[in-house]
Amino acid sequence: MAGEEEFVRETSMYEHPLVKRYATKEMSYIWSPEKKFSTWRRLWIALAKAEKELGIDITDEQIAQMEAHITDIDFDRAEKKEKETRHDVMAHVYTYGESAPAAQGIIHMGATSCFVGDNTDIIQLKEGMELLKRKLVKLLAQMKTFAVEQRAHATLGFTHYQAAQLTTVGKRMTLYMQDFLIDLEHLEREIATLPMRGLKGTTGTQATFLELFEGDHEKVKECNRKVCEYLGFDKWVAVSGQTYTRKIDYHIMSVLSGIAQSAYKMCGDIRLLANLKEIEEPFGKDQIGSSAMAYKRNPMRSERVCSLARYVMGLPAAAAQTHATQWFERTLDDSSIRRIILPEAFLAVDVILNIVANVTDGLQVWPQVIRAHVMAELPFMATEKILMACCKKGGDRQALHHAIREHSMDAGKVVKAEGKPNDLLERIRLDPLFKNIHDELDELVDPMLFVGRAPEQVDEFMSEEIDPVLAKHKDLLAVENKDGVSV
């Protein structure tokens, strides 16, 4: 039997892959214990300041001591106190009081645990969304470059994953961009409307604060306003039980799910295109596609995006059930699940956006493969143009229609039954019925005649939809991401 000492090694404990393997330092910090508990202390300072300004007997020295110990948290001491008290908030109240002894008696005055817990959650949610907003804006700028470069590169469109009317590589990219643009709009709406919980008390009635301010309702309201504004919020929930409504969590998780959906759609398509060898994600010089099949270039980045996205897309259901099952003014069965799903959703979407940016930045386009696939299908699509060109030069429409139909069917059999290239154009070149257009046949099957307004749609989408967003957020484009992820 293994000795007890073997189980204290780091490698003998579970490591969360979102943190150890994938997460950026920026997003990981937002959900870190240091961020969480230092925010608790900032909330206690904001509360003390507001209470002092409204006449409660709190001294400048007490507040100064609190401000001097925002980040130097003795986590070991707090952990020991929590084991004694079985209460995380009170453990940190005691630990903070030991660092700021003059303020020991006024820390957390009038508040309940959800004052620090819920308000900190809101702050973390807001900062997490702001980081994702920056990455979405930067991603759209990067995708724009690719879309514009490929605006007039004709490619097969697919419906039902069957060859359909031509589009362009750039136009297809705008479809993904539009999804992310919708996500950005929804994310901005959540950021703009996100309220602080504020001062609500044990069941949301603010009874303890009313008692603290000796029945002065206006002072209670003013204290709430001051605390929220100290923390950067100009709005707060109008009413609550002990907690802010968990519906807020659900709506935010739904936005994150939307980003995951957009990423999955794009990367799923890239995986299919990689199979066709038309477009491939970046592939490192020393990267190994398969341990057994040395020739393989697996789309592992896109697969990772789809894997993480699949997880995120399932999380709103957990948030919905958590909100629905909060009995009356609150229950505590929301705590454990929120500790898991809120950080994990943000960590995962942050990674997803980083990987999508990496994929987009290095997409490899293979024009000759794309053209070969186009020309394998285009003769069938061009039959109407060929027919009409012959009719304009005096041909018999009915005879021509019968002939081109027969040639099409025979060419189709050659492709499907014999596995040979599409020879429809050669059949038409050899048929005297079509002699009037033999010298212009190549022009009639120019792929760009079949892409409609795709190039113009790219231009219009950029000028009307994307450019205004990028101009609005040019400050975010100037911010460098502090770190990336291993992709």
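Conventions adopted
- Residues numbered from 1 in each chain as written.
- Predicted model: local features only at pLDDT ≥ 70, side-chain atom pairs only at ≥ 80, totals over all residues.
- Heavy atoms only, no water.
- Helix = DSSP H or I, 4+ residues; strand = E, 2+ residues; numbered from the N terminus.
- Rg over C-alpha atoms; globule rule 2.2 N^0.38 Å.
- Buried < 20%, exposed > 50% of the residue type's maximum accessible area, 1.4 Å probe, protein only.
- Contact = heavy atoms within 4.5 Å.
- Lys, Arg positive; Asp, Glu negative; His and termini not counted.
- Charge placed at Lys NZ, Arg CZ, Asp CG, Glu CD.
- Phe/Tyr/Trp six-rings, centres within 6.5 Å; stacked < 30°, edge-to-face > 60°.
- Lys NZ or Arg CZ within 6 Å of the ring centre and 35° of its normal.
- Pairing = 2+ DSSP bridges.
- Axes fitted to C-alpha atoms, helices over the stretch in contact; angles between N-to-C directions.
- Parallel < 35°, antiparallel > 145°, perpendicular 65-115°, else oblique.
- Left-handed = near helix turned anticlockwise from the far one by under 90°.
- Nonpolar A, V, L, I, M, F, W, Y, C, P; charged D, E, K, R; others polar.
- Salt bridge = Lys/Arg side-chain N within 4 Å of Asp/Glu carboxyl O.
- Core = buried A, V, L, I, M, F, W, Y, C linked by side-chain atoms within 4.5 Å.
- Patch = residues over 30% accessible without salt bridge, like charges linked within 9 Å, V, L, I, M, F, W, Y side chains within 5 Å.
- Areas by Shrake-Rupley, 256 points an atom, 1.4 Å probe, with all protein chains shown as cover.
- Expected span 1.5 Å × (residues − 1).

Draft legend 1. Here's a closer look at the overall build of the protein chain. Of the regular secondary structure elements, the protein chain holds 21 helices and 4 strands. At 31 Å, the protein chain has a C-alpha radius of gyration far larger than the 23 Å of a compact globule built from 487 residues. In the protein chain, buried positions account for 49% of the 487 residues. At a minimum sequence separation of 6, the contacts of the protein chain that also span at least 24 residues come to 77%. Once the 62 positive and 74 negative side-chain charges of the protein chain are each reduced to a mean point, those two points are 3 Å apart.

Draft legend 2. Quick peek at the environment of Ile270. With respect to the helices, strands and loops of the structure, Ile270 is situated in helix 11 (residues 247-276). Overall, Ile270 belongs to the buried group, its relative accessible area being 4%. Remark: the alpha-carbon pair of Ile270 and Glu281, spanning 11 residues in sequence, is separated by 7.5 Å. When near neighbours in sequence (up to four residues on either side) are disregarded, Ile270 contacts Ile279, Ser302, Val359 and Leu363.

Draft legend 3. View of the packing of aromatic side chains. Within this structure, the stated rule accounts for 6 aromatic pairs. Relative to Trp40, the ring of Phe37 lies with its centre 4.7 Å away and its plane at 90 degrees, an arrangement referred to as edge-to-face. Residue Phe37 and its partner Trp40 are located together in helix 3 (residues 33-53), separated by 3 residues, close to a single helical turn. Per residue, the accessibility class of Phe37 equals that of Trp40, and both read buried. Through a chain of ring-to-ring contacts, the aromatic side chains of Phe37, Trp40, Trp44, Phe75 and Tyr96 assemble into a single cluster. Above the face of the Tyr94 ring, Lys81 is positioned so that its terminal group lies 4.8 Å from the ring centre. Note that Lys126 overlies the ring of Phe233, its terminal NZ or CZ placed 4.5 Å from the centroid.

Draft legend 4. Representation of the pairing of strand 1 (residues 154-159) in the model. The sheet contact formed by strand 1 and strand 2 (residues 162-168) spans 6 bridges and is antiparallel. Residue pairing in the sheet places Thr155 in a bridge with Thr167 of strand 2. Hairpin remark: strand 1 followed by strand 2, antiparallel, with 2 residues in the connecting loop; positive phi at His160, about 60 degrees.

Draft legend 5. Just the packing of helix 7 (residues 113-149) against helix 14 (residues 335-361), in detail. The geometry of helix 7 relative to helix 14 is characterised by a closest axis approach of 10 Å and an angle of 15 degrees between their N-to-C directions. By the angle between their directions, the pair helix 7 and helix 14 is classed as roughly parallel. Considering only the axes of helix 7 and helix 14, their crossing is left-handed. Contacts between helix 7 and helix 14 involve Asp121, Leu125, Gly128, Met129, Leu131, Leu132, Lys135, Leu136, Leu139, Gln142 and Met143 from the first element and Arg338, Leu342, Phe346, Val349, Asp350, Leu353, Asn354, Val356, Ala357, Asn358, Thr360 and Asp361 from the second. In terms of residue class, the contact of helix 7 with helix 14 is made up of 13 nonpolar, 5 polar and 5 charged.

Draft legend 6. Just the side chain of His153, in detail. Examined against the element boundaries, His153 turns out to sit in the loop between helix 7 and strand 1. Since its relative accessible area comes to 17%, His153 is described here as buried. Residues within four places of His153 in sequence aside, it is in contact with Thr167, Thr168, Val169, Val365, Pro367 and Ile370.

Draft legend 7. Representation of the pattern of salt bridges in the model. Taken as a whole and judged by the stated rule, the model has 32 salt bridges. With its nearest N and O atoms 3.2 Å apart, the salt bridge here joins Asp60 to Lys52. On the basis of relative accessibility, which here comes to 30%, the residue Lys52 falls in the partly exposed class. For Asp350, the salt bridge identified is with Lys135, shortest N-O distance 2.7 Å. Residue Asp350 is found in helix 14, and its partner Lys135 is found in helix 7; the two are separated by 215 residues along the sequence. Residue Asp350 shares its accessibility class with Lys135, and that shared class is buried. Residues joined in a network through salt bridges with shared partners are Glu53, Glu222, Arg225, Lys226 and Glu229.

Draft legend 8. Representation of the nonpolar core. In terms of nonpolar packing, the biggest core is built from 137 residues, with Trp44, Met66, Phe180 and Ile386 touching the most fellow members. If one sorts the elements of this core by residue count, helix 7 sits on top with 16 residues.

Draft legend 9. Examining a negative patch on the surface more closely. Taken together, the side chains of Asp74, Asp76, Glu79 and Glu82 make up a negatively charged region of the molecular surface. Relative to the elements of secondary structure, Glu79 occurs in helix 5 (residues 75-85). The class of Glu79 is partly exposed, set by a relative accessible area of 45%.

Draft legend 10. Spotlight on the environment of Phe37. You can call Phe37 buried: its relative accessible area is 12%. Residues Phe37 and Ile73, spaced 36 residues apart in sequence, show a C-alpha to C-alpha distance of 7.9 Å. In contact with Phe37, not counting residues within four places along its chain, are Ile73, Phe75 and His92.

Draft legend 11. The arrangement of helix 6 (residues 88-99) in detail. For helix 6, which comprises 12 residues, the first-to-last C-alpha distance of 17 Å matches the rise-based estimate of 16 Å (1.5 Å per residue) to within 8%. For helix 6, the set of buried residues is Asp88, Val89, Ala91, His92, Val93, Thr95, Tyr96 and Gly97.

Draft legend 12. Quick peek at the environment of Ala389. Topologically, Ala389 is positioned in helix 16 (residues 383-392). Between the C-alpha atom of Ala389 and that of Glu440, which follows or precedes it by 51 residues, the distance is 9.5 Å.

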